[in-house]
Amino acid sequence: MTIMTSLSPRALSAPESGIVEVVNYARGRDGLIPLWVGEGDLPTPDFITRAAAEALVAGETFYTWQRGIPPLREALARYYQRRFQKTLAPENFYVTGSGMQAIKLAIEAIASPGDEMVLLTPAWPNFAAAADLSGVRPVSVPLRFENGKWQLDLDRLESAIGERTRALFINTPSNPTGWTATQDDPRAILSLARKRGLWIIADEIYALYYYLGGRAPSFLDIMEEDDRILFVNSFSKNWSMTGWRVGWIVAPPAIGQVLENLIQYSTSGVAQFMQRGAVVALDEGDRFVDDNVAKARRNRDMLCDALIATNRVETLKPDGALYAFLKIDGVTDARRAAIDIVDKTGVGLAPGTAFGEGGSLFMRACFLRDPAQIAEAADRLRTYILGR
């Protein structure tokens, strides 16, 4: 028996990220414009880092509340009242070590090995991988792609539900497609979940990155107190805090002890000084978030207009999120194309093969960057596409 064969099958089955593969291939090249990962190019703003630094210097370095420090849970309640017009108690919030951990804990709280979780694809690969690592089988339901636009097929979603299904995983606005639920979609999905006795795990991390006005439709707008919904979220995108690894779950207080236990036996809580920064992000960061959303909207228009004008890219401007999901004429292997594009243009894109069923012919570009970089990337990609 070798070292590798002595490892658990579940660990060995964890896939290499198709996004990270391309990143590792080209990282550090001169003149590179990295549009492959889902983050902006701005560092965390000073008013947030200063609060964390002051708490660190003040000695807030001890074990802390597993559920999150009370000031952060109270700030989350204020944030949801302000941004979602939803009154929630601090007891509805559970602070996690990233949005990724929020997803993993949400799955483990409601599903057992051998159960199934239905998710809409193309999707961020970590959703399915998190389920797999928990012994839960992810069942893909591809969105429909017609005339450059992604749409939910509710009949297809319902037909994917089986005897072992425990949850529907719904990411809207979507990474990578930009698909955003209409006002009617959450009602239909929630009605289906109620009828079949299922949980919904709602990833609404991009809710404020919505380009049709206001914020995106949310399950919070229609849910009742006894609905089985867990919301997973993160500080990463709104406040340029990807490296902080701080997230949260919105959940019924009745399951609070279960979530606290899961946090205890995974990370034992998030560093208190980091939570102090998160409090300030929520209470003082609205203008920063709004500026980020406005920049994303302008860059979306710039990038998509330039590429659609080639008449060789099938896509429409996404209604939400941070990504253009591009179907380029002649691309039949997105992984190979991503390598070719970075070699020939210096623009880093994520291959659609990384995002599961329905994504293999697409390329993902994150447009939350310096507008000058987006303009240059659009020009390089336009030249590449027209030269194919």
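Just so it is clear, the model here is predicted, and its values are computed rather than measured. Per chain, residues are indexed from 1 in the order of the written sequence. Only residues with pLDDT of at least 70 get local features here, since the model is predicted, and only at 80 or more are side-chain atom pairs given and counted; chain-wide, interface and lining totals rely on the full set of residues. Hydrogen atoms and water are omitted, and side-chain values are computed over all heavy atoms in the structure.

## A short note on the overall build of the protein chain
Argument step 1. For the protein chain, the count of helices and strands is 13 helices and 15 strands.
Argument step 2. The reference for a compact globule is 2.2 Å times residues^0.38; the radius of gyration itself is calculated from the C-alpha atoms. Relative to a compact globule of 388 residues, whose C-alpha radius of gyration would be 21 Å, the protein chain shows 21 Å and is just as compact.
Argument step 3. Principal axes of the C-alpha set define a box for the protein chain whose edges measure 60 × 55 × 50 Å.
Argument step 4. For accessible areas, the Shrake-Rupley method is used with a probe of radius 1.4 Å. Any residue's cover is judged against the shown protein chains and nothing else. Surface accessibility of the protein chain: about 16,600 Å² in total, with carbon and sulfur atoms responsible for 51%.
Argument step 5. Within the protein chain, one finds 42 positive and 46 negative side-chain charges whose respective centroids are separated by 2 Å. Helix and strand assignments follow DSSP, with helices taken as H or I runs no shorter than four residues and strands as E runs no shorter than two, numbered in order from the N terminus. Only four residue types enter the charge count, namely Lys and Arg as positive and Asp and Glu as negative; His and the chain termini do not. In this description, the location of a charge corresponds to atom NZ of lysine, CZ of arginine, CG of aspartate or CD of glutamate.

## Notes on the sheet that holds strand 14 (residues 350-351)
Argument step 1. Taken together, four strands build an open sheet; the order of strands is 11-12-15-14 and the sheet is antiparallel. The outermost strands of the open sheet, each flanked by one partner alone, are strand 11 (313-314) and strand 14.
Argument step 2. Note on pairing: DSSP must find at least two bridges between two strands before they are called paired. Note that strand 11 and strand 12 (residues 323-328) share two bridges and pair antiparallel. Looking across to strand 12, one finds that Glu314 is bridged to Lys327.
Argument step 3. We call two residues contacting when some pair of their heavy atoms lies within 4.5 Å. Structural elements are reduced to axes, namely lines fitted to C-alpha atoms, with helices fitted over the stretch in contact, and the angle between N-to-C directions of any two is expressed from 0 to 180 degrees. With respect to the sheet, helix 11 (residues 286-308) is in contact with strand 11, strand 12 and strand 15 (362-366), its orientation differing from that of strand 12 by roughly 10 degrees.

## Overview of the side chain of Thr345
Argument step 1. Assignment of secondary structure puts Thr345 in helix 12 (residues 334-345).
Argument step 2. Judged by its relative accessible area of 11%, Thr345 is buried.
Argument step 3. By the criterion applied in these results, polar contacts are pairs of N or O atoms within 3.5 Å in which, for protein atoms, one can donate a hydrogen and the other can accept it, and in which residues neighboring in sequence qualify only through two side-chain atoms. Within the local environment of Thr345, its side chain forms a polar contact with the backbone oxygen of Ile341, the two atoms lying 2.6 Å apart.
Argument step 4. Excluding residues within four positions of it along the chain, Thr345 makes contact with Arg380 and Tyr384. Categorising residues by exposure relies on relative accessible area from a 1.4 Å probe, with only protein chains included: less than 20% of the type maximum marks a residue as buried, more than 50% marks it as exposed, and the intermediate range marks it as partly exposed.

## A closer look at the pairing of strand 3 (residues 116-121)
Argument step 1. The element strand 3 is extensively covered by neighbouring structure, given that six of its six residues are classed as buried.
Argument step 2. Of the two faces of strand 3, the one carrying Glu116, Val118 and Leu120 and the one carrying Met117, Leu119 and Thr121 are both buried.
Argument step 3. Relative to strand 4 (residues 137-142), strand 3 runs parallel, the two being bridged by six bridges. Along strand 4, the bridge assignment pairs Val118 with Val139.
Argument step 4. Note on handedness: a crossover is taken as right-handed if, strands pointing away from the viewer, the path from the first strand over the helix to the second is clockwise. In terms of handedness, the path from strand 3 via helix 6 (residues 125-133) over to strand 4 forms a crossover that is right-handed.

## A short note on the environment of Ile103
Argument step 1. Secondary-structure assignment places Ile103 in helix 5 (residues 99-110).
Argument step 2. Residues Ile103 and Ala131, 28 residues apart in the sequence, show an inter-C-alpha distance of 8.9 Å.
Argument step 3. For Ile103, the residues in contact, after removing those within four places along its chain, are Trp124, Phe127, Ala130, Phe169, Asp203 and Val232.

## Side note on the sheet that holds strand 10 (residues 247-250)
Argument step 1. Pairing is mixed across the open sheet formed by seven strands, whose spatial order is 2-10-9-8-7-3-4. Strands with a single pairing partner mark the edges of an open sheet, and in this sheet they are strand 2 (93-96) and strand 4. Averaged over all neighbouring strand pairs, the angle between strand axes comes to 25 degrees, with direction disregarded.
Argument step 2. In this sheet, strand 10 lies alongside strand 9 (residues 229-234) in antiparallel orientation, the contact comprising four bridges. When the bridges of strand 10 are listed, Asn233 appears paired with Trp248.
Argument step 3. Lying on the sheet, helix 4 (residues 70-84) is in contact with strand 2, strand 9 and strand 10; it crosses strand 2 at an angle near 115 degrees.

## Let's talk about the pattern of salt bridges
Argument step 1. Salt bridge, as applied in this entry: a Lys or Arg side-chain nitrogen positioned within 4 Å of an Asp or Glu carboxyl oxygen. The tally for this structure, following the rule as stated, stands at 28 salt bridges.
Argument step 2. Between Arg164 and Asp115 there is a salt bridge whose closest N-O contact spans 3.0 Å. One end of the pair, Arg164, is in the loop between helix 7 (154-159) and strand 7 (165-171); the other, Asp115, is in the loop between helix 5 and strand 3, and 49 residues separate them in sequence.
Argument step 3. With a relative accessible area of 43%, Arg164 lands in the partly exposed category.

## Focus: the packing of helix 3 (residues 46-57) against helix 10 (residues 272-284)
Argument step 1. Axis separation between helix 3 and helix 10 bottoms out at 7 Å; the angle between their running directions is 150 degrees. It follows from the interaxial angle that helix 3 and helix 10 lie roughly antiparallel. Relative to helix 10, helix 3 is oriented so that their crossing is right-handed. The segment helix 3 lies against helix 10, with Phe47, Ile48, Ala51, Ala52, Ala55 and Leu56 engaging Phe273, Arg276, Gly277, Val280, Ala281 and Glu284.
Argument step 2. The classification used treats Ala, Val, Leu, Ile, Met, Phe, Trp, Tyr, Cys and Pro as nonpolar, Asp, Glu, Lys and Arg as charged, and all other residues, Gly among them, as polar. Grouping the amino acids of the contact of helix 3 with helix 10 by side-chain chemistry returns nine nonpolar, one polar and two charged. By definition in this entry, angles of less than 35 degrees are roughly parallel, angles greater than 145 are roughly antiparallel, angles of 65 to 115 are roughly perpendicular, and the rest are oblique. With the far helix as reference, a near helix turned anticlockwise by less than a right angle produces a left-handed crossing, and one turned clockwise produces a right-handed crossing.

## Quick look at helix 3
The periodicity of an α-helix, 3.6 residues per turn, causes residues three or four positions apart to be oriented the same way.
Argument step 1. A helix is expected to span 1.5 Å multiplied by its residue count minus one. Helix length check: helix 3 (twelve residues) gives 16 Å between terminal C-alpha atoms against 16 Å at 1.5 Å per residue, within 8%.
Argument step 2. Buried residues belonging to helix 3 abut helix 10.
Argument step 3. At the exit of helix 3 stands Gly59, carrying a positive phi of roughly 95 degrees.

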